[in-house]
Amino acid sequence: MKKRIITIISMGLVLLLAACGGEEDINSTDIQTGNAGNSEANSVSETVDLKADNWDFDQDTYVVSAGEVTINLSNEEGYHGIAVEGTDIEIEGDGSATASLEPGEYTIYCNIPCGEGHDDMVATLIVE
Ligand SMILES: [Cu+2]
């Protein structure tokens, strides 16, 4: 009789341990879900403030991280626009545009014939 009781108790312990193991699996799944959430938070959108005058942009080079990039254009003198070569970004006058950009070097140029210095209105957008 005693041997049977011991066998039943030890089987019960095995079941308890198995149940504990199951809970650990659930916890590790939660941690993985948490990591997935963090990686989404890393893809933060970038903003570039670009100013134009006759006939130049305020910087020769603008640097952003790859992903969602928003460009804000403001005209400080004259009436200019921008287009970023190889992307959907196009702004005429003051405004903003957003595009998802892959790493690389893009040319920013004025897309409005704005006078004698129009051809000089070129800058570089570096996406890292
Ligand atoms: Cu122009």
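Located above this text is the structure these notes cover.
Before going into details, it helps to say that this report is about the structure given with it. (Residues numbered from 1 in each chain as written. Predicted model: local features only at pLDDT ≥ 70, side-chain atom pairs only at ≥ 80, totals over all residues.)

Right, let's get into the overall build of the chain. In terms of regular secondary structure, the chain is built from one helix and nine strands. For the chain, the α and β elements follow one another from N to C terminus as α-β-β-β-β-β-β-β-β-β. Taken across its 128 residues, the chain has 16% of its residues classed as buried. The long-range fraction of contacts in the chain, counting pairs at least 24 apart against all pairs at least 6 apart in sequence, stands at 50%. (Helix = DSSP H or I, 4+ residues; strand = E, 2+ residues; numbered from the N terminus. Buried ≥ 20, exposed ≤ 12 C-beta atoms within 10 Å, placed from the backbone. Contact = placed C-beta atoms within 7 Å.)

A few words now on the sheet that holds strand β8 (residues 104-109). Overall, mixed pairing links the five strands, which are arranged β3-β9-β8-β5-β6 in an open sheet. Here the strands that pair on one side only, and so sit at the sheet edges, are β3 (61-64) and β6 (90-92). Across the sheet, the mean angle from the axis of one strand to that of its neighbour is 20°, orientation sign disregarded. Two strands pair when backbone bridges link them, and strand β5 (residues 81-84) and β6 are joined in this way by three bridges, in the antiparallel orientation. Bridge assignment links Ala 83 to a residue of β6, and that residue is Glu 90. (Pairing = 2+ DSSP bridges. Axes fitted to C-alpha atoms, helices over the stretch in contact; angles between N-to-C directions.)

Direction of pairing for strand β1 (residues 46-53) relative to strand β4 (residues 67-75): parallel, over a ladder of seven bridges. Bridge pairing in β4 links Val 48 to Ile 71. Note: β4 against strand β7 (residues 95-101), seven bridges, orientation antiparallel. Each residue of the ladder has a partner; that of Val 69, found in β7, is Ala 99.

The biggest cluster of nonpolar side chains holds 18 residues, and the ones touching the most others in it are Ile 71, Leu 73, Ile 82, Val 84, Ile 108 and Leu 125. In terms of residues, this core owes the most to one element, β4, which gives three residues. Each residue touching Ile 71, except ones within four places of it in the same chain, is listed here: Val 48, Leu 50, Ile 89, Ile 91, Ser 96 and Ala 97. (Core = buried A, V, L, I, M, F, W, Y, C linked by C-beta atoms within 7 Å.)

Shape descriptors only; they carry no functional weight alone.
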